[in-house]
Structures are given as C-alpha cells and as structure tokens.
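Summary of structural features
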Amino acid sequence: MAAFQHVSSAPLARAALRCRATAAAAVSSPPAVRLPTSDTSRILLGLSEPELRQLAIDFGQQGYRGKQLHDLIYKAKSKEIQDFKHVPQAFRDSLIGSGWKVGRSPIHHSVTSSDGTTKILLKLEDNRLVETVGIPNQDSEKGSIRLTACVSSQVGCPLRCAFCATGKGGFSRNLKPHEIIEQVLSIEEIFKHRVGNVVFMGMGEPMLNLKSVLAAHKCLNKEIQIGQRMITISTVGVPNSIKMLASHKLQSTLAVSLHAPNQELRETIVPSAKSYPLDALMRDCKEYFQETGRRVTFEYTLLAGINDKTEHASQLADLLYSFGGGYHVNLIPYNPIEGSEFRRPYKKTVLGFKEGLEARKITVSVRQTRGLDANAACGQLRNEFQKDPFSDPSAAAVTSASVDETQVLTA
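Report on the accompanying structure. (Residues numbered from 1 in each chain as written. Predicted model: local features only at pLDDT ≥ 70, side-chain atom pairs only at ≥ 80, totals over all residues. Heavy atoms only, no water.)

Going through the model one piece at a time under the given rule, you end up with 15 salt bridges. One salt bridge connects Glu 125 with Lys 101, and the closest N-O pair in it is separated by 2.7 Å. Placement of the pair is Glu 125 in the loop between β2 (118-123) and β3 (129-139) and Lys 101 in the loop between α4 (89-97) and β1 (107-112), with a sequence separation of 24 residues. The exposure class assigned to Glu 125 is exposed, which follows from its relative accessible area of 66%. We classify Lys 101 as partly exposed; its relative accessible area is 41%. Across the pair Glu 182 and Arg 104 runs a salt bridge, and its minimum N-O distance is 4.0 Å. One end of the pair, Glu 182, is in helix α6 (residues 177-191); the other, Arg 104, is in the loop between α4 and β1, with 78 residues separating them in the sequence. Residue Glu 182 is classed as buried on the basis of its relative accessible area, which comes to 0%. Overall, the relative accessible area of 11% leaves Arg 104 in the buried class. Each member of the salt-bridge network shares a partner with another, and the members are Lys 79, Arg 104, Glu 182 and Glu 189. (Salt bridge = Lys/Arg side-chain N within 4 Å of Asp/Glu carboxyl O. Helix = DSSP H or I, 4+ residues; strand = E, 2+ residues; numbered from the N terminus. Buried < 20%, exposed > 50% of the residue type's maximum accessible area, 1.4 Å probe, protein only.)

Written as structure tokens, this is what we have:
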C-alpha cells in the first residue's frame, strides 16, 4: 500500500511543481505592452516585435502573427497593410478598419550623382518634402559596399545657420519617429543594400526633436539591427540638450557642429550661438565624454576667407586643449549652394588647416565631398521643389517655441 501511495503521489507532486512554476512565471512576467491609442498615432512602423505581438493578440490573433508583421515591415519593407500577403485578410481588414497604417511615404523625387550618392525626397502626409541621402562607400579591404544613410529630423530648420540651404527654406515641423525611420528603409530599397551607418546630419536640428530622434534611434538599433556605434547624432548646440542625451548613455557618436574657434565669429555663422556661448557648449561636451566615455567629434565647415585661416586652426587647437583635449575634428570643405555669398576653399587651404591642427596633436580628418552634382548638401534639393519658404502662419510660433520648450524639458 505504501509503495502504491509513493508511486501514485509522484504525478501529483510533479503537477504541483508545474502549478507553482506557472504561478511564479505569471508573477515575474513583464508588464503588458502598451500600444498607442489615438487615431493619429496608429502607425506600425516604429513598433517593436513585442508590441506587434501584443497588437496581434489584441485583434484576436495568435502572437506569432506579430512576428509576421515585424518581418513584413522591417525586412520585406511592405508599404501598405493590404500588401501583407501572409497575414489573414480578416486581420488586415481589421487593422485598416481600426485606422492602422504602415507609415511609409512615397518617393517624390530622387537624383543620383556621378559618385553614386543618391538624394531622395519623400512626400509626407501633409505634402511636405523631406530629404534623405544614401552614400555608398567601397570597402577596399572587404571588397564590399558600406552604405550610409544621412537622415533628417525636421521639415526645414529653425536655427538658420548662415551657410545652410535648409535654413533658407524655412521651418515647418518636427518629424515623427516613423518619418525618420522610413528614410533608412527608403535608402535600402533604392540601393537594394543594407544600411550600415546612420548619421543625423540631414535637414533640421536633432536636439530640437530629441524625443522622436531617440525613438527612431531605438528602432534603428533594435528592430533594423544597426549597431549603436554605427549611429551619429549631430547638433549645432541647444542648451541643456547634450546633458539630456548623455543621461541616456548611448554608445553612439555625438557630432557637434562648431564651425568657428571663437564666440564672436561663431555668432556670425551660427545665429543660435548667441543663446549658447561657446564656453558653455564646450563644458557640456566635456561632461558628455565623462558621462558616456564616448569621444565627441567636432564638425568644422571651412568657408573660404571666413574661418579657414592659419590663426583659426591655432585658436581651434587652443579651444580644444582648454577643455581637456582628446577630441576629433572633422573638416568639411563648404558645399556651394545657389545664391550663397560663401565660397568653397581651395584644396591647399584645406590641407594647410589640417596640418595646422595635426601639428598641435589634434586628431583630424577631412570629409570627402560627395554628391556635388546632385545638390547633396542638406536642403538643396528640397529647395528646388519647394522653393518658397514655408508660409504656414504658425511656423514662426512653432520655431521659437521649439527652442524654448526643449530648454525647459531638458533642464
């Protein structure tokens, strides 16, 4: 009898263990995925695989349908829900009926330069045009192409740097996360090649749209599988925003558009520098390095006769050393735009500036100019198709509010 009790109790004991294990798993399971509820935010592009699985379940589907959605959006790059051929028609109809969209925009125009650089204009839902650029580079060591996507973060730009084509076209609004992400997918479609690097150096000031930039950054890294170290976020400098970015401890590169070695000259080139003195900007860059361990890159556009003299190189070296050194300078010979008073410096001048920095033990590189015959400098092609500055009566208010709001939110 005892033997019978011992044998028969074993299954009961195993069942009890399973029950306890199930209960423990239920307690430790992650919280439910929160999905957007407003009609204006029902965009699939930008959602993670767990979010898409939850969406499928919310529509009465098996969770694996969410994995199918993920593959269709990010790998197949489907632009319309009706193109989701492997998904039941009833599920597709339900998504569409509930106001869900993929979130892809049509290509309005594209142009390819002789060096292979391709600029794309995407036409957004409100008929605004936004630029993105695909830059292919031949990797001689691996014998393959490395494709870089230069993406925009705003429609236009409110900071109006003196030499920039984007600023001349005015400012309309911030881009939403999916409007940033889709730029990378569009470049991959055009080139039929995977994007390996992303630089936030297109239209707009990324730090004035940091929430969307960070959301897009997360998606590019997690869903599209672009390494954080392969992503660069550029800024001309917005008060308090570099501190905010540092708090996220990203492993991406911060590129600061300096363009001048002293405050007086910088104010003539970058009007917003008046509200963000050079010393304050450099202190924030030093703290960013201390917080993240990531070296800051300084972008320096060389303008003939303006900021390209030998004394400017010497002043720049002094500035960098006064804030700790260890920085990298990327020299950018000016890319001419129609109607601008600025000129591109001679190659001899560029090399002389570079040598002046190297003599002071500053790490420096010269960016290879790409796409000169395709109007590849940010804002140039957009201005051809949307020549008049934005006339939206609320644009001026949005422009000033954006700067103030960012300063408050990131304080």
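With that settled, consider the packing of aromatic side chains. Within this structure, the stated rule accounts for 5 aromatic pairs. Ring plane angle 90° and centroid distance 6.4 Å describe the contact between Phe 163 and Tyr 334, whose orientation is recorded as edge-to-face. Placement of Phe 163 in the loop between β5 (154-156) and α5 (165-168) and of Tyr 334 in the loop between β11 (328-333) and α12 (347-358) is noted, with a sequence separation of 171 residues between them. Comparing Phe 163 with Tyr 334, the two get one shared label, buried. Judged by centre distance (5.1 Å) and plane angle (35°), the ring pair of Tyr 300 and Phe 353 falls under tilted. One end of the pair, Tyr 300, is in strand β10 (residues 297-302); the other, Phe 353, is in helix α12, with 53 residues separating them in the sequence. Owing to a relative accessible area of 2%, Phe 353 belongs among the buried residues under this scheme. (Phe/Tyr/Trp six-rings, centres within 6.5 Å; stacked < 30°, edge-to-face > 60°.)

So, on to the side chain of Thr 292. Structurally, the position occupied by Thr 292 is in helix α10 (residues 278-292). Within the structure, the side chain of Thr 292 is placed 3.1 Å from the backbone nitrogen of Arg 294, a separation counted as a polar contact. The residues touching Thr 292, leaving out its near neighbours within four places in the chain, are Ala 246, Lys 249, Leu 250 and Gln 251. (Polar contact = N/O pair within 3.5 Å; in protein donor to acceptor, adjacent residues only side chain to side chain. Contact = heavy atoms within 4.5 Å.)

Further remarks concern the environment of Ser 152. Positionally, Ser 152 belongs in the loop between β4 (144-150) and β5. Along the backbone, Ser 152 and Gly 204 are 52 residues apart, and their C-alpha atoms lie at a distance of 6.1 Å. In contact with Ser 152, not counting residues within four places along its chain, are Val 130, Glu 131, Leu 175, Ile 180, Gln 183, Gly 202 and Met 203. At 2.6 Å, the side chain of Ser 152 forms a polar contact with the backbone oxygen of Glu 131.

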